[in-house]
Amino acid sequence: MTVTEEPQAASGTDTAPQKEIGQARRRKEDARLITGRTTWTDNMVLPGMLHMAVLRSPVAHGRITALDVTAAKEAPNVVAVYTGRDLAEEQGSIPCAWPVTPDMVNPGHPSIAVDQVNHVGEAVAIVIGRSRSAAADALELIDVDYEPLPVVLDMEEAIAEGAPLVHDSTESNRSYHFVFDAGEAGTGSDTEQAFADAEVVVSRRFVQQRLIPAFMEPRSVVVQPQGDNYTMWSATQIPHILRVMAAMVTGIPEHKLRVVAPDVGGGFGGKLQVNPEEILALLVARRLGKPIKWTETRSESLMTAHHGRDQIQYVDVAADREGNVKGLRVRLLADMGAYLRLITPGVPALGAFMFPGIYKFGAYRFECDGIFTNKVPTDAYRGAGRPEATFAVERIMDELAVELGMDPLELRRKNWINADEFPFTTVAGLAYDSGDYETATQEALRLLGYDELREEQRRRRESNDPVQLGIGFSTFTEMCGLAPSRVLGSLSFGAGGWEHASIRMLPTGKVEVVTGSTPHGQGHETAWSQLVADSLGVPFEDVEVLHGDTAIASRGLDTYGSRSLVVGGSAVVKAADKVIAKARKIAAHLLEASEDDLEFSGGKFSVRGTPGASLGIQEIALAIFAAHDYPEGIEPSIDAEATFDPENFSFPHGTHICAMEVDTETGFVKIRKYACVDDVGTIVNPLIVEGQVHGGLAQGIAQALYEEAVYDADGNLTTGTFVDYLLPSAADLPHFDTGNTVHEAPGNPIGAKGVGEAGCIASTPAVVNAALDAVRHLGVADIRMPLTPERVWRAVHAGGDGGDRAPDRTNAQAVDSAQAPAAGSQGGVQ
């Protein structure tokens, strides 16, 4: 993408500023973020501050039979030591805000274990020291004895009859059974009949491996008590939700608790959480009356911060022999981990509505079992349920194309929603509002150079080239702007989806925007300034955006689910409209004109038909501050606030195409080319959109090729450092050829659809489909993610998915493991 020159702001009140929406503004916030000249939570130092260190369980499942903290209490510079028993009466339970079924089993989640530990890394004691090192050193002086219990790790084994239980208080390891049936819901026909009548049925088992959000800034919290008031600074995505939940857990009155999210270094859903350590820091600060700080190490982060994905997907598709899809059946096993955290059970349930994707299925049934295991809990990770759904439907469409001998793109075209069919209600009951899948696809094909690559693929196959070429598609949509409060209520979500904003017009003409949407790298300060500059006709530089502090932005529901611009930005625009409406009355009074005769453009009110009679909104701000002359019956202010609650989700979509080279002799894979065209509605800042797409692509490709959280048979995380948990660097990723189509979303005043998760959702199946397309003619039907060289090599030479499952071919020959590439080797890009 070519970045345009930054627009020059207008000076004074005589010239209207250039249109801001659509400008590739460099972000206001980047200078302080990139240089570190900001306040991260761990940078904070308060007078008398103490440090908290956490002793964590080395066993995945066991009873605590003895816990001796005597030596730790006597260690130098140690102020206090607490165990679960010490805090048992006041620690409450970490909240779960999404009971997806009325009978969902939630055994509770203590912030610190009292009698039993249920995953490696669970807190068993905390030390409070005068320095971080003193607290950490004292952890080694604590003696704990455990009685080992059977470790439950495999979901399919966990729900087998007679399986050992993760929690003694439950009757099984199943937390819930969630069902959506389109026939019963009235949004589709009978699913079983559709399959009974189908000419073709394709069934597959896909695995969504466990992932770690791996945000750049570690989690950190500082709590300062001030009498019976408390201020909590936390590296969180959700200061408003955290405030409510922390008050409910600890009993501290909400109005006595202030939560501040300073600049936050990434989250990807991993900081959409109420963490045990946040509650523990609050409890200890209340006990000691001293400021408390905790900052995790990177190993703690990988081991104890919640993980994402981790599903087994059984997917069936029914069709006729011409390729018309008839029905879709999905059964999920979703790993909850040891406990239910904030929205743990809701993540796979949210995905239920996206499995049909962009296709016109007539029948659909979804079932999901949430399963307890002795692993760290799962929860939201970039996309939260929608990447899993998109992967399944895009993979099964490729498998159906193979079964029918059809081109995978032609199969998609035959079944997707056409542009003239919008708005379209899907078999899952969602009302897709706008889109054009064909136009996005045509542009993506052009960017890729599709015909030339298909010709090269043909030549390589004919010559038996050891490096084969494949092309994979992902034509996707997603539900974004996680919002409509009534819809979330119908899904038993514990909060609404509205967002709040206020605008303060200062006497000097400057503008303060207060938003309840809290950024952690998205560029709110820049995009919100562009929205307000256009709405009010003021210079971009005159707008300041305030956020992340519940004492300043008292109302809000924070940032996740690609809702910031769609919902939070819309609240800002609505507030700006109210500022203009209030200013209109004052302008009419000062200009001695009727309100109906006033026009507002470029930041000025002018009298229709009276040249030269005008008044700028920044001039009005000063006039109403002085309040010497204003109409009777109104208050002397043009400040305004607004709350926006959309009536529907928004639905960005796109076509992603990956060209992949696969070395059949080594299993090494390289992305040859990647092209994508996304429709995210109105683009406020192309530079921010491009950055969001690139970041999402990096994470989606990483799931396909690199990342996997692995546990050994004893429940130890064996990928607990970045030596073992592979994250791609910029050098590991290809150049991305990106583009956009624009179909405005009708459900919000901006016309935006959301972009934060698009790349992450679409890219994973495109990459996997490309790799399979390269080697499918060699008999490979599936390769389990991540597509490491070893797995690819094994799939090519032994069948199966290259992972732990046996080959589907009963006559497959055994493979000498010495011939396979080393497990630590990894593919990459050219």
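For every chain, the first residue of its written sequence is number 1, and the numbers climb from 1 along that sequence. Totals for whole chains, interfaces and linings use every residue, but because this is a predicted model, local features are given only for residues with pLDDT of at least 70 and side-chain atom pairs only at 80 or more, for both listing and counting. By convention in this description, side-chain values take in all heavy atoms of the structure and omit both hydrogens and water.

Asks: So what exactly am I meant to see when it comes to the overall build of the chain here?
Replies: Under the scheme used here, helices are H or I runs from DSSP no shorter than 4 residues and strands are E runs no shorter than 2 residues, and both carry numbers assigned from the N terminus. Each helix and strand counted, the chain has 22 helices and 29 strands in total. Atoms considered for the radius of gyration are the C-alpha atoms alone. The globule rule reads 2.2 Å times the number of residues to the power 0.38. Over its C-alpha atoms the chain spans a radius of gyration of 28 Å, differing by no more than 12% from the 28 Å that the globule rule assigns to 830 residues. Along the first, second and third principal axes, the C-alpha atoms of the chain reach 90 × 75 × 50 Å. Split into buried and exposed, the 830 residues of the chain put 62% on the buried side. Contacts are assigned to residue pairs with any non-hydrogen atoms lying within 4.5 Å of each other. In the chain, once contacts between residues fewer than 6 apart in sequence are set aside, the share between residues at least 24 apart is 79%. Exposure was quantified through the Shrake-Rupley algorithm and a 1.4 Å probe, taking into account, for residues, occlusion by the shown protein chains and nothing else. Of the roughly 30,300 Å² of accessible surface on the chain, a fraction of 49% belongs to carbon and sulfur atoms. When charges are counted, Lys and Arg are positive and Asp and Glu negative, with His and the chain ends excluded. In plain terms, the charge of a residue is placed at NZ if it is Lys, CZ if Arg, CG if Asp and CD if Glu. The centroid of the 70 positive side-chain charges in the chain is displaced by 2 Å from the centroid of its 113 negative side-chain charges. Accessibility here uses a 1.4 Å probe with only protein chains present; expressed as a share of the type maximum, an area under 20% marks a residue as buried, one over 50% as exposed, and anything in between as partly exposed.

Asks: Help me understand the side chain of Q313, please; the structure alone is not making it clear to me.
Replies: Counting through the fold element by element, Q313 comes out in strand 13 (residues 308–319). Polar contacts involving the side chain of Q313 include one to the main-chain carbonyl oxygen of E388, which spans 3.0 Å. Residues in contact with Q313, not counting those within four places in the same chain, are R204, R205, F206, Q208, R331, L332, F355, E388, A389, F391 and A392. Whenever a nitrogen or oxygen atom comes within 3.5 Å of another N or O atom, the pair is scored as a polar contact, on the condition that within protein one atom can donate a hydrogen and the other can accept it, and that pairs from neighbouring residues in sequence are kept only if both atoms are in side chains.

Asks: Explain the domain arrangement of the chain here, please?
Replies: For an interface, size is often stated in terms of accessible area lost upon the parts coming together. Domain annotation for the chain reports domain 1 (41–149 + 216–266 + 271–304), domain 2 (308–482 + 648–811) and domain 3 (498–644). For the purposes of this description, domain bounds are those given by an automatic or database domain assignment. Taking the mean C-alpha position of each, domain 1 and domain 2 sit 37 Å from one another. With 32 residues of domain 1 at the contact, the number on the domain 2 side is 26 residues. Should a side-chain nitrogen of Lys or Arg be within 4 Å of a carboxyl oxygen of Asp or Glu, the pair is scored as a salt bridge. Put simply, domain 1 and domain 2 have zero salt bridges between them. On inspection of domain 1 and its partner domain 2, the count reaches nine residue pairs in polar contact (both at pLDDT 80 or more). When contributions to the side of domain 1 that touches domain 2 are tallied by element, the ones reaching two or more residues are helix 8 (239–250) and helix 10 (298–304). At five residues, the largest contribution of residues to the side of domain 1 that touches domain 2 is made by helix 10. Its residues placed into classes, the side of domain 1 that touches domain 2 shows 21 nonpolar, nine polar and two charged. All residues other than Ala, Val, Leu, Ile, Met, Phe, Trp, Tyr, Cys, Pro, Asp, Glu, Lys and Arg, Gly among them, are scored as polar; the first ten of these are nonpolar and the last four charged.

Asks: It is not clear to me how the sheet that holds strand 24 (residues 614–616) should be interpreted in this structure. Could you clarify?
Replies: The strands making up a sheet associate through hydrogen bonds between their backbones, and the pairing can be parallel or antiparallel. In space, the three strands of this open sheet follow the order 22-23-24, with antiparallel pairing throughout. Looking at which strands have only one partner, the edges of the open sheet turn out to be strand 22 (598–601) and strand 24. The average undirected angle you get between the axes of adjacent strands in this sheet is 20 degrees. A pair of strands counts as paired when DSSP detects no fewer than two bridges linking them. In this structure, strand 22 lies alongside strand 23 (residues 604–607), joined through four bridges in antiparallel fashion. Pairing of F600 across the sheet is with F605, part of strand 23. Here the axes come from fitting lines to C-alpha atoms, over the contacting stretch only for helices, and the angles between their N-to-C directions go from 0 to 180 degrees. The sheet contacts of helix 18 (residues 564–591) involve strand 22, strand 23 and strand 24, and relative to strand 22 the element is tilted by about 130 degrees. Here helix 19 (residues 617–626) sits on the sheet in contact with strand 22, strand 23 and strand 24, set at roughly 75 degrees to strand 24.

Asks: Explain the pattern of salt bridges to me, please; I cannot follow it from the model alone.
Replies: Side-chain pairs of opposite charge can arise whenever the charged atoms involved come near each other. Tallied over the entire structure, the rule returns 62 salt bridges. The partner of R32 in a salt bridge is E525, and the shortest N-O contact between them spans 2.6 Å. On the criterion of sequence distance, the pair formed by R32 in helix 1 (residues 30–35) and E525 in helix 17 (residues 524–536) is long-range, its members being 493 residues apart. Residue R32 is classed as partly exposed on the basis of its relative accessible area of 25%. Two residues, E156 and R205, come together in a salt bridge whose shortest N-O distance is 3.2 Å. Within this pair, whereas E156 is found in helix 5 (residues 155–158), its partner R205 is found in strand 8 (residues 200–211), the two being separated by 49 residues in sequence. Judged by relative accessible area, which is 28%, E156 ranks as partly exposed. Among the charged side chains, a network of salt bridges with common partners joins R56, R219, E277, E296 and E300.

Asks: Help me understand unusual backbone geometry, please; the structure alone is not making it clear to me.
Replies: Of note, the bond from F422 into P423 is cis; its omega dihedral lies within 30 degrees of zero at -5 degrees. In this model, M785 is joined to P786 through a cis peptide bond whose omega is -10 degrees. Tracing the backbone through its elements, the reader meets P786 in the loop between helix 21 (758–775) and helix 22 (789–798). Located in the positive-phi region is D558, a residue other than glycine, with phi close to 75 degrees. Within the fold, D558 resides in the loop between strand 21 (543–546) and helix 18. Here D558 falls in the buried class, since its relative accessible area comes to 0%. One non-glycine residue with positive phi stands out, namely S562, at about 50 degrees. Looking at the secondary structure, you find S562 in the loop between strand 21 and helix 18.

Asks: Even after reading the chapter, I still don't get the pairing of strand 28 (residues 736–741), so can you show me in this structure?
Replies: Regular strands have side chains that alternate between both faces of the sheet. Here six bridges tie strand 27 (residues 669–679) to strand 28, and the two strands are oriented parallel to one another. Counterpart to V677 in the pairing with strand 28 is G739. As a crossover connection, the stretch from strand 27 through helix 20 (residues 686–705) into strand 28 is right-handed. By the criterion used throughout, a crossover qualifies as right-handed when its path from the first strand across the helix to the second strand runs clockwise, the strands pointing away from the viewer.

Asks: Even after reading the chapter, I still don't get the sheet that holds strand 25 (residues 640–644), so can you show me in this structure?
Replies: Across the sheet, four strands lie side by side as 21-20-19-25; this open sheet has mixed pairing. Edge positions in the sheet fall to strand 21 and strand 25, since each of these pairs with one other strand and no more. Strand-to-strand twist across the sheet, computed as the mean angle between neighbouring axes with direction ignored, equals 20 degrees. Along the sheet, helix 17 contacts strand 19 (499–505), strand 20 (511–515) and strand 21; its crossing angle with strand 21, the most-contacted strand, is approximately 135 degrees.

Asks: Got a minute to help me understand the nonpolar core in this structure?
Replies: Where a protein is soluble and globular, its nonpolar side chains tend to be buried together. If you look at the biggest cluster of nonpolar residues, it comprises 160 residues, and the most contacted ones within it are Y364, F366, M660, Y674 and L705. The element that contributes the greatest number of residues to this core is helix 12 (residues 386–404), accounting for nine residues. Residues contacting M660, with those up to four places away along its chain left out, are Q468, L469, G470, V669, K670, I671, R672, L705, V767, A770, A771 and A774. Grouping buried Ala, Val, Leu, Ile, Met, Phe, Trp, Tyr and Cys residues that are joined through side-chain atoms within 4.5 Å yields what is termed a nonpolar core. Grouped together as the second largest cluster of nonpolar side chains are 43 residues, V511, V572, V579 and A640 included.

Asks: In this structure, what is going on with helix 13 (residues 408–415)? I would like to understand it.
Replies: For an α-helix the count is 3.6 residues per turn, leaving residues at separations of three or four pointing the same way. Taken together, the buried positions of helix 13 are occupied by P408, L409, L411, R412 and N415. Taken end-on, helix 13 shows its buried residues confined to a sector of 160 degrees, consistent with a single buried face. The opening residue of helix 13, the one whose side-chain oxygen lies 2.8 Å from the backbone nitrogen of L409, is D407. Arc definition: it is the arc formed by the directions from the helix axis to the C-beta atoms.

Asks: Could you clarify how one ought to interpret helix 22 in this entry?
Replies: Extensive coverage of helix 22 is indicated by the burial of seven of its ten residues. What helix 22 keeps buried is the set P789, R791, V792, W793, A795, V796 and A798. Of the surrounding secondary structure, the elements contacted by the buried residues of helix 22 are strand 26 (653–663), strand 27 and helix 21.

Asks: Please explain the packing of aromatic side chains as it appears in this structure.
Replies: The way to describe two aromatic rings as a pair is by their centre distance and the angle between their planes. Each pair of aromatic rings taken from Phe, Tyr and Trp, with Trp reduced to its six-membered ring, is defined by centres within 6.5 Å and is described as stacked if the planes are under 30 degrees apart, edge-to-face if over 60, and tilted in the remaining cases. Inspection of every chain in the model, using the stated rule, returns 13 aromatic pairs. Centre to centre, the rings of W98 and F493 are 4.8 Å apart; their planes meet at 70 degrees, and the pair counts as edge-to-face. Of this pair, W98 sits in the loop between helix 3 (84–87) and strand 4 (116–117) while F493 sits in the loop between helix 16 (485–490) and strand 19, and the two are 395 residues apart along the sequence. Of the two residues examined, W98 and F493, each falls in the buried class. Ring plane angle 70 degrees and centroid distance 6.1 Å describe the contact between F178 and F366, whose orientation is recorded as edge-to-face. You can see F178 sitting in strand 7 (residues 174–181) and its partner F366 sitting in strand 15 (residues 363–372), a full 188 residues away along the chain.

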